[in-house]
Amino acid sequence: MADIVKIFEKLQGSFKGEILRNEPLTRHTSWQVGGPADLFLVPVDKADLALAVRLLAEEECPYFPLGAGTNLLVKDGGVRGAILDLNALKDLELLENHRVRAGCGLAMADLIRVAAEHGLGGLEYLYGIPGTVGGAVIMNAGAFHQQFGDVVVAVVWIDAGGEKTWTRDELSFSYRTAGFNKGQIVVEVLLEFEEGDRRELENILRERSEYRLRTHDVSGPNAGSVFRNPPGQNAWRLVDEAGMRGARIGDAQVSEKHTNFIVNLGEARAADILALIDKVRRAVEEKTGILLEPEVKIVGEDD
Ligand SMILES: Cc1cc2nc3c(=O)[nH]c(=O)nc-3n(C[C@H](O)[C@H](O)[C@H](O)COP(=O)(O)OP(=O)(O)OC[C@H]3O[C@@H](n4cnc5c(N)ncnc54)[C@H](O)[C@@H]3O)c2cc1C
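Undergrad: A description of the environment of Trp-166 should follow, citing residues and the corresponding values.
TA: With respect to the element layout, Trp-166 can be found in strand S12 (residues 162-167). Each C-alpha atom of the pair Trp-166 and Val-226 lies 29 Å from the other, and the pair is 60 residues apart in sequence.

Undergrad: I'd love a proper account of the pattern of salt bridges, names of residues and values included.
TA: By the definition in use, this model includes 22 salt bridges. In this structure, Asp-38 engages Arg-80 in a salt bridge whose closest nitrogen and oxygen atoms are separated by 3.0 Å. Residue Asp-38 is located in strand S2 (residues 36-42), and its partner Arg-80 is located in strand S5 (residues 79-85); the two are separated by 42 residues in the primary sequence. In this structure Arg-80 comes out as partly exposed when scored by relative accessible area, which is 28%. Note that Glu-207 and Arg-208 form a salt bridge whose closest N and O atoms lie 3.1 Å from each other. Here the salt bridges do not stand alone but share partners, grouping Lys-6, Lys-10, Glu-58 and Glu-59 into one network.

Undergrad: Help me get a handle on the sheet that holds strand S7 (residues 99-103), residues and values and all.
TA: Overall, antiparallel pairing links the five strands, which are arranged S6-S7-S13-S11-S12 in an open sheet. Each edge of the open sheet is held by one strand with a lone partner, namely strand S6 (92-94) and S12. Looking at each pair of strands side by side, their axes are set apart by 15 degrees on average, direction ignored. Examined bridge by bridge, S7 and strand S13 (residues 185-192) share five bridges and lie antiparallel to one another. Residue pairing in the sheet places Gly-103 in a bridge with Glu-188 of S13. Contacts from helix H2 (residues 46-58) reach strand S11 (152-159), S12 and S13, with the element oriented near 145 degrees to S13. Strands in contact with helix H3 (residues 108-117) are S6, S7 and S13; relative to S6, the strand with the most contacts, it is inclined by about 20 degrees.

Undergrad: Before we move on, can you summarise the sheet that holds strand S3 (residues 63-66) with the specific residues and values?
TA: Strand order in the open sheet made by the four strands is S1-S2-S5-S3, with mixed pairing throughout. On the outer flanks of this sheet lie strand S1 (18-24) and S3, each paired with one strand and no other. Between one strand and the next, the sheet's axes are offset by a mean angle of 30 degrees, whatever the strand orientation. Bridging between S2 and S5 involves four bridges; their strand directions are parallel. The partner of Ala-37 across the bridge, within S5, is Val-79. Along the sheet, H2 contacts S2, S3 and S5; its crossing angle with S5, the most-contacted strand, is approximately 165 degrees.

Undergrad: Give me the packing of H3 against helix H5 (residues 198-216): which residues, what numbers.
TA: The contact between H3 and H5 brings their axes to 8 Å, and the two run at 150 degrees. Judged by the inter-axis angle, H3 sits roughly antiparallel to H5. Two secondary-structure elements touch here, H3 through Ile-112, Arg-113, Ala-116 and Glu-117 and H5 through Arg-198, Leu-201, Glu-202 and Leu-205. Classifying every residue of the contact of H3 with H5 by side-chain character gives four nonpolar, no polar and four charged.

Undergrad: Which residues make up the site of the ligand, and what are the values?
TA: Around the ligand sit 32 residues in total, of which Pro-65, Thr-70, Thr-132, Gly-142 and Arg-212 are the nearest. Backbone polar atom of Ala-68 to an oxygen atom of the ligand: 2.9 Å apart, as the coordinates give it. Within the contact set of the ligand, an oxygen atom lies 3.2 Å away from a side-chain nitrogen or oxygen of Arg-176. Compared with its free state, where it exposes 970 Å², the ligand has 93% of that area covered by protein. At the level of secondary structure, the elements contributing two or more residues to the shell around the ligand comprise S3, helix H4 (133-139), S13 and H5.

Analysis parameters
Residues numbered from 1 in each chain as written. Predicted model: local features only at pLDDT ≥ 70, side-chain atom pairs only at ≥ 80, totals over all residues. Heavy atoms only, no water. Helix = DSSP H or I, 4+ residues; strand = E, 2+ residues; numbered from the N terminus. Salt bridge = Lys/Arg side-chain N within 4 Å of Asp/Glu carboxyl O. Buried < 20%, exposed > 50% of the residue type's maximum accessible area, 1.4 Å probe, protein only. Pairing = 2+ DSSP bridges. Axes fitted to C-alpha atoms, helices over the stretch in contact; angles between N-to-C directions. Contact = heavy atoms within 4.5 Å. Parallel < 35°, antiparallel > 145°, perpendicular 65-115°, else oblique. Nonpolar A, V, L, I, M, F, W, Y, C, P; charged D, E, K, R; others polar. Near = heavy atom within 4 Å. Polar contact = N/O pair within 3.5 Å; in protein donor to acceptor, adjacent residues only side chain to side chain. Areas by Shrake-Rupley, 256 points an atom, 1.4 Å probe, with all protein chains shown as cover.

Right under this line is the structure:
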């Protein structure tokens, strides 16, 4: 097991960002559940991130990249090793030929809003999806007919071996995945938008915000869609038809409004959410023979 005290001391000499020990992850996930991380590091820039990754790898300490935590279920026992909070890496650079370079910690909403202001289209239907650019790459976030991967030209990523760039043909975007492996951290992306009409784009953003307020206002912390849509099916409909609308374990409840959302009613623990996920999967499987797969990433240890 990694020596956390030793790593902490080594980092203190060279790492520029914040270093926290036993940081509760309830503060960093949209579900507001999850135990503490042994180490919680907030690199201030790319060099700081590279330094942390190198040092953690040397010390055989597992690390886990964190964006806005909007697609994440951290278990109640927390995370052994280090969380790398990437939210400070939020550069945004407008380039020629409708291209934009964006840091992994930039909020996706900021990226899409700035793009629209400059008449750049291609991600406007994703407006309102919370999370960072890095999370959107890893999850290939999507809505309606658009997916984040559609506009990606290249991704710069790092792991213990250093920095690499993958161009479009080396990436494998498909439904809610981009083909990255554990330990590979997206640092920045080069995007190519298409020319659009600024006013039209801004209207779409407004309409998307209103739509999400109407359909996603589930009155409580959540992580968006819990289950992947099986081919040709809607997960929310399968959950609903299995009678799970409003099903509850502890303070975790299948939303009455959107049945692919599970809401934390106040005091839910990750264990409640996991038990409810399991209950819903069993109910759907019994009714339809389809085993739903979670879309949310589940990390950490049981209490
Ligand atoms: C109300 C609500 C609505 C939502 N609607 C949608 C929707 O319509 N469509 C959709 O696709 N999603 C939706 N989501 C889910 C979520 O917002 C997206 O998956 C988002 O892209 C996750 O980004 P994040 O920064 O929060 O990632 P996190 O939750 O922080 O992380 C998700 C995964 O990505 C990894 N990761 C994050 N950043 C990096 C990085 N830089 N390098 C490597 N790995 C990284 C993490 O390790 C983790 O495995 C919704 C969520 C909520 C709460």
